[in-house]
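This is what each chain is made of:
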Amino acid sequence: MAQRIGILTAGGDSPGLNAAIRGFGKAALGHYGMELIGFRDGLRGLAENRFVELDREALAGILTTGGTILGTSRDKPHKMKVDGNTVDMIPTIVENCEKNGLDGLVCIGGGGTAKNANRLVKAGLNVIHLPKTIDNDIAHTDTSFGFSTALGIATEAIDRLHSTAHSHHRIIVCEIMGHKAGWLALGAGIAGGADIILLPEIPYEIESIAESIRQRAAHGRGFSVVAIAEGARDVADTKDMEAAEALVKGASSPEAKAAAKAHRASIEAAHRRNAFKVAEELEAATGLEARVTVLGYIQRGGTPNAEDRLLGTLLGGAGADLVSEGHYGVTVASQGQQAVPVPLSKVAGNLKTVPLDHPWITAARHVGTCMGD
Ligand code: F6P
């Protein structure tokens, strides 16, 4: 009897999702003779049993399209909002998988989805995870689809900001996505020739940035472009955040944990849009006019580039191979030119941040980029 598989996309959307759905789907249907259904809107659709049959027709013409044909959501299976209440939907999800006669489930998503997929594995489901995110922060995979396209978009934005910053003798601070990991700001900052790159991994001091801008001005370059990751913080704010994290980790009761998490969320909220604070502080410290550009969702939208289409297709097809062998409980990671199954237990909850000795950081410093430290 043909194997019957479910597939869904979860978390923030990302270029290359449809390439991965197609890559998995074409191999599953055409090569292995499986049946495939696609759940709508991530884990919410799985919990609510909303799905479509995915046949060859449904998979045609989607390789080049942005977003996800299935829709997505950031719902967590064990804590889903249902009629205003928070409900553990894992038993319902297991039931839905049984009801639909599913042999396996493919969850395409980022780090959060890896954690959720692992929760479903623990509940006894056969799950594989395909790694997508523009943040490139999933552990054990060299890269995730979506990153390359976003890198190109952010690089082009920095290119364009240069000419306007130069013409007006201004500082332009460009906010790039990445709350916990600075891969995108770092890669685009280097490729776009940003003068200053600020990452969550390297706490900055405004004075050292201001000094580098003053030095540039003294050498006749009265403009500067700053690439800042969403999650970059100065030294003082980083200490506050670390203290808030420590409170969460050390909380001894569920009540204390909830209070510590609320405190951490309020600190996070206060640090949101740090790009504006940086611009204000740099204006005051240098006397140069400063402006902010927030790239936002432009980084995630639109058609995937060749690299992301290729990676989505490769990992999707490799996922179908694993499913055909009954090899579940893994992330299909990209390592070198290979798709490698890595146990979800190793990937879930394990963020890949930029190591301080990463060659990209060395390269940025070699060309004289100020990293804010
Ligand atoms: O996809 C990851 C990410 O792009 C982060 O870098 C960003 O902070 C986040 O998603 C925001 O997405 P949303 O507003 O959809 O939650």
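Conventions used here
Residues numbered from 1 in each chain as written. Predicted model: local features only at pLDDT ≥ 70, side-chain atom pairs only at ≥ 80, totals over all residues. Heavy atoms only, no water. Near = heavy atom within 4 Å. Polar contact = N/O pair within 3.5 Å; in protein donor to acceptor, adjacent residues only side chain to side chain. Areas by Shrake-Rupley, 256 points an atom, 1.4 Å probe, with all protein chains shown as cover. Nonpolar A, V, L, I, M, F, W, Y, C, P; charged D, E, K, R; others polar. Buried < 20%, exposed > 50% of the residue type's maximum accessible area, 1.4 Å probe, protein only. Helix = DSSP H or I, 4+ residues; strand = E, 2+ residues; numbered from the N terminus. Pairing = 2+ DSSP bridges. Right-handed = clockwise from strand over helix to strand, strands pointing away. Salt bridge = Lys/Arg side-chain N within 4 Å of Asp/Glu carboxyl O. 1 Å grid on protein atoms, 1.4 Å probe; cavity = no way out; pocket = protein on both sides within 12 Å on 5 of 7 lines; lining within 4 Å. Points joined across faces, edges and corners; volume = space filled by probe spheres on them. Axes fitted to C-alpha atoms, helices over the stretch in contact; angles between N-to-C directions. Contact = heavy atoms within 4.5 Å. Phe/Tyr/Trp six-rings, centres within 6.5 Å; stacked < 30°, edge-to-face > 60°. Lys NZ or Arg CZ within 6 Å of the ring centre and 35° of its normal. Patch = residues over 30% accessible without salt bridge, like charges linked within 9 Å, V, L, I, M, F, W, Y side chains within 5 Å. Lys, Arg positive; Asp, Glu negative; His and termini not counted. Charge placed at Lys NZ, Arg CZ, Asp CG, Glu CD. Core = buried A, V, L, I, M, F, W, Y, C linked by side-chain atoms within 4.5 Å.

(A) The arrangement of the site of the ligand in detail. As a structural note, the neighbourhood of the ligand is formed by Arg-74, Ile-134, Asp-135, Met-177, Gly-178, His-179, Glu-230, Tyr-297 and Arg-300. Arg-74 is positioned such that a nitrogen or oxygen atom in its side chain is 2.7 Å from an oxygen atom of the ligand. At a separation of 2.8 Å, an oxygen atom of the ligand approaches a polar side-chain atom of Glu-230. Within the complex, 76% of the 400 Å² of free accessible area of the ligand lies under protein. Residues of the shell around the ligand, tallied by class, amount to three nonpolar, two polar and four charged.

(B) Looking closely at the pairing of strand E7 (residues 127-131). Counting buried residues in E7 gives five out of five residues, a clear majority hidden from the surface. Covered by surrounding structure in E7 are Val-127, His-129 and Pro-131 together with Ile-128 and Leu-130, the residues of both alternating faces. Bridge count between strand E6 (residues 104-109) and E7: five bridges; the pairing is parallel. If you follow Cys-107 over to E7, its bridge partner there is His-129. A crossover connection joins E6 to the parallel E7 through helix H5 (residues 111-122); in handedness this β-α-β unit is right-handed. Alignment of E7 against strand E12 (residues 330-335), held across two bridges, turns out to be parallel. Of the residues in E12, the one forming a bridge with His-129 is Thr-331.

(C) Structural detail: the pattern of salt bridges. Scanning the model with the defined rule gives 18 salt bridges in all. Among the ionic pairs, Arg-160 bridges to Glu-156, the shortest N-O distance being 2.7 Å. Of this pair, Arg-160 and Glu-156 both sit in helix H6 (residues 147-168), four residues apart, which is roughly one turn of the helix. Note on Arg-160: relative accessible area 56%, which makes it exposed.

(D) Layout of the layout of surface pockets. By volume, the second largest pocket amounts to about 380 Å³. Surrounding the second largest pocket, 20 residues form its lining, Thr-143, Glu-307, Leu-311, Ser-334 and Gly-336 being those nearest its centre. Only H6 and helix H12 (306-324) provide two or more residues apiece to the lining of the second largest pocket. The element best represented in the lining of the second largest pocket is H12, accounting for five residues.

(E) Region of interest: the sheet that holds strand E9 (residues 196-198). The sheet built from four strands is open, its strands ordered E9-E10-E8-E11 with parallel pairing. Each edge of the sheet is formed by a strand with only one pairing partner; in this case those strands are E9 and strand E11 (290-294). This sheet shows a mean twist of 20° between the axes of neighbouring strands, independent of strand direction. With six bridges connecting them, strand E8 (residues 171-176) and strand E10 (residues 224-229) associate as parallel partners. Directly across from Val-173, in E10, lies its bridge partner Val-226. This element, H6, spans E8, E10 and E11 of the sheet and lies at about 165° to E8.

(F) Broad picture of the packing of aromatic side chains. Taken as a whole and assessed by the stated rule, the structure comprises three aromatic pairs. A ring pair is formed by Phe-147 and Trp-360, whose centres lie 6.5 Å apart and whose planes are at 20°; its orientation type is stacked. With Phe-147 in helix H6 and Trp-360 in helix H14 (residues 359-366), the pair connects residues that are 213 residues apart, well separated along the chain. Since its relative accessible area comes to 5%, Phe-147 is described here as buried. Between Trp-183 and Trp-360 the ring centres are 5.9 Å apart and the planes differ by 80°, which places this aromatic pair in the edge-to-face class. Placement of the pair is Trp-183 in helix H7 (residues 183-192) and Trp-360 in helix H14, with a sequence separation of 177 residues. According to the relative accessible area criterion, Trp-183 is buried, its value standing at 5%. Judged by relative accessible area, Trp-360 falls into the partly exposed class, the value being 30%. A cation over an aromatic ring shows up here: Arg-216 above the ring of Phe-223, its NZ or CZ 5.0 Å from the ring centre.

(G) Structural context of the pairing of E6. Within E6, six of the six residues are buried, leaving the element largely enclosed by the surrounding structure. In E6, alternate side chains face the same way, and those of Gly-104, Val-106 and Ile-108 on one face and Leu-105, Cys-107 and Gly-109 on the other are all buried. Taken together, the five bridges between strand E1 (residues 4-9) and E6 define a ladder with parallel strand orientation. The residue of E6 that forms the bridge with Gly-6 is Leu-105.

(H) Structural detail: a positive patch on the surface. A contiguous patch of positive charge on the surface is contributed by Lys-76, Lys-79, Lys-115, Lys-180, Lys-257 and Lys-261. Secondary-structure assignment places Lys-115 in helix H5.

(I) Structural detail: the nonpolar core. If you look at the biggest cluster of nonpolar residues, it comprises 31 residues, and the most contacted ones within it are Ile-158, Ile-176, Leu-184, Leu-186, Ile-197, Leu-199 and Met-371. Of all elements in the fold, only H6, E8, H7, E10 and H14 reach the threshold of two or more residues within this core. It is H6 that contributes the most residues to this core, seven residues altogether. Judged by nonpolar contacts, the second largest core, of 29 residues, contains Phe-24, Leu-54, Phe-145 and Leu-322.

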